[in-house]
Amino acid sequence: MFNNFTFEYPYFLLLIFLFIFCSFFCKAKSPSYLIPHLNIFQKVNQKSTIFTNILKYLVIIFSIIALSSPVKINDTVNLKNDGINILLNLDASFSMYEMDLDENNEKNRFDVVKEIVKDFINKRVADNIGIILFGDSVLISSPLSFDKEAQKQIIDYLDVGMAGKNTALIDSVASGINILKDKKAKSNIIILLSDGEDNSSSIPLEIVTKLLKKYNIKVYTIGIGNFNNSILNSLAIESKAKAYTAYSKEDLVFIYEDINKLEKSQINQNKILLKDYLFFYPLFLAVLCLIIFIYLRNKE
């Protein structure tokens, strides 16, 4: 219940101990009366009841608590200003059925990729991530989002052939550019994974590379297996990124980890606390006790 309860200025609470100390050891000296019937004046000074003394303490204590600004922390939110917009372009053509990435030959290429990509998403806590699937056509599986759990669930539903049997590699990059071109972020990148040559795109490579330069979008490319990956190399070079080739699951793990290191997000200094201020509760009690205290003292 009290896990999220704290004070903005806790040092003010020390004033409570100072007040208690002074109430016992800093009392004013009783005045001396050189007049007869001194006992009458002493009785008047002693008419303060236990209840009014308690009220006096409560006024001070509640006032100090209010001054310390009690708050309830509702949530901690990472600001995304220094995050990165990342599109994961995944080849789902029929060639991804091959099972050469898994040393036990139990998972096809696409299943291995999904497993590694989900781990990559977990590490990009401050980034806006989207998923593009491509085959004959291009399928935007997830728009840019900070909801990592939803994205991992979407990846679980993706499978080979959902976008067709061939490879529209360049068209997938064009779709990524269309998504990222107006997005403001520390960096906009596409991580393009494919295991074959482009054989279905309708947009020329030259147009795509010009658009990448115009909108300052980097394309990290990952080629799986042996094939002519000149298009992947060209996209990486022209966008000032990096091209990789993977022949095993271990290669893919290393590649995504390398990209993770190259594209760092600043997250430690970009947090905000969502909190409720509660100072008015002790302040109200202090005022209420003060009114009762004044009323009783004036009544004496």
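Heads up: the structure comes first, above all this text.
Residues numbered from 1 in each chain as written. Predicted model: local features only at pLDDT ≥ 70, side-chain atom pairs only at ≥ 80, totals over all residues. Heavy atoms only, no water.

Draft legend 1. Here's a closer look at the packing of aromatic side chains. Counting across every chain of the model gives six aromatic pairs. Centroid distance F5 to F7: 5.4 Å. Interplanar angle 80 degrees. Geometry classified as edge-to-face. Taking the centre distance of 5.9 Å and the plane angle of 50 degrees together, the rings of F94 and Y97 count as tilted. Judged by relative accessible area, Y97 falls into the partly exposed class, the value being 43%. Aromatic rings pair up to connect F279, F280 and Y281 into one cluster. (Phe/Tyr/Trp six-rings, centres within 6.5 Å; stacked < 30°, edge-to-face > 60°. Buried < 20%, exposed > 50% of the residue type's maximum accessible area, 1.4 Å probe, protein only.)

Draft legend 2. Main features of the pairing of strand 3 (residues 84-91). A large share of strand 3 lies buried, amounting to eight of its eight residues. In strand 3, alternate side chains face the same way, and those of I84, I86, L88 and L90 on one face and N85, L87, N89 and D91 on the other are all buried. By the bridge criterion, seven bridges tie strand 3 to strand 6 (residues 187-194) in an arrangement that is parallel. Counted as the bridge partner of N85 is N188 from strand 6. Bridging between strand 3 and strand 4 (residues 128-134) involves seven bridges; their strand directions are parallel. (Helix = DSSP H or I, 4+ residues; strand = E, 2+ residues; numbered from the N terminus. Pairing = 2+ DSSP bridges.)

Draft legend 3. Quick peek at the sheet that holds strand 4. The six strands are arranged 5-4-3-6-7-8 in an open sheet whose pairing can be described as mixed. A single partner strand is all that each edge strand has here, and the edge strands are strand 5 (138-145) and strand 8 (243-246). Direction aside, neighbouring strands of the sheet carry axes that sit 15 degrees apart on average. Packed on one face of the sheet, helix 5 (residues 148-157) meets strand 4 and strand 5 and runs near 165 degrees to strand 5. Of the strands in this sheet, strand 6, strand 7 (217-224) and strand 8 touch helix 8 (residues 230-238), which is tilted by about 155 degrees from strand 7. (Axes fitted to C-alpha atoms, helices over the stretch in contact; angles between N-to-C directions. Contact = heavy atoms within 4.5 Å.)

Draft legend 4. How the structure looks around the side chain of S141. Along the chain, S141 falls in strand 5. Looking at S141, the relative accessible area reads 17%, which means it is buried.

Draft legend 5. Region of the structure containing helix 7 (residues 205-214). Residues L205, V208, T209 and L212 constitute the buried set of helix 7. Here the buried residues of helix 7 occupy an arc of 95 degrees about the axis, which is enough to place them on one side. Exposed residues lying more than 90 degrees from the buried face of helix 7 are E206, K210 and K214. Packed against the buried residues of helix 7 are helix 6 (169-180), strand 7 and helix 8. Of the residues flanking the end of helix 7, it is N216, one or two places downstream, whose phi is positive at about 55 degrees. (Arc of directions from axis to C-beta.)

Draft legend 6. Fine view of the nonpolar core. Ranked by internal contacts, the top residues of the largest apolar core, which has 32 residues, are L90, I191, L193, I222, L252 and Y256. Counting residues per element, the ones that place at least two in this core are strand 3, helix 4 (109-123), strand 4, strand 6, strand 7, strand 8 and helix 9 (249-262). Looking at which element gives the most residues to this core, the answer is helix 4, with seven residues. In contact with I222, not counting residues within four places along its chain, are I191, L192, L193, S194, L232, Y244, A246, L252, I255, Y256 and I259. Counting residues in hydrophobic clusters, the runner-up holds 20 residues, among them L87, I132, F134 and I217. (Core = buried A, V, L, I, M, F, W, Y, C linked by side-chain atoms within 4.5 Å.)

Draft legend 7. The side chain of T167, seen in detail. Within the fold, T167 resides in the loop between helix 5 and helix 6. On the accessibility criterion, T167 (4% relative accessible area) is buried. Here the side chain of T167 touches S93 through a polar contact of 3.5 Å, side chain to side chain. Setting aside chain neighbours within four positions, we find T167 in contact with D91, S93, F134, G135, S194, G196, E197, D198, N199, S200 and S201. (Polar contact = N/O pair within 3.5 Å; in protein donor to acceptor, adjacent residues only side chain to side chain.)

Draft legend 8. Expanded view of the environment of V112. Mapped onto the fold, V112 is located in helix 4. By relative accessible area, which is 1% here, V112 ends up buried. Residues V112 and D102, 10 residues apart in the sequence, show an inter-C-alpha distance of 7.1 Å. Residues within four places of V112 in sequence aside, it is in contact with L101, D102, K107, K249 and L252.

Draft legend 9. Quick look at the pattern of salt bridges. Applying the stated criterion to the full structure yields 13 salt bridges. Linking D195 and R109 is a salt bridge whose minimum nitrogen-to-oxygen distance equals 2.7 Å. Pair noted here: D195 is in the loop between strand 6 and helix 7 and R109 is in helix 4, with a separation of 86 residues, a long-range link. Residues D195 and R109 agree in their burial class; the two are buried. In this structure, the salt-bridge partner of E238 is K213, at a minimum N-O distance of 2.7 Å. Within this pair, whereas E238 is found in helix 8, its partner K213 is found in helix 7, the two being separated by 25 residues in sequence. Residues participating in the shared-partner salt-bridge network are D100, R109 and D195. (Salt bridge = Lys/Arg side-chain N within 4 Å of Asp/Glu carboxyl O.)

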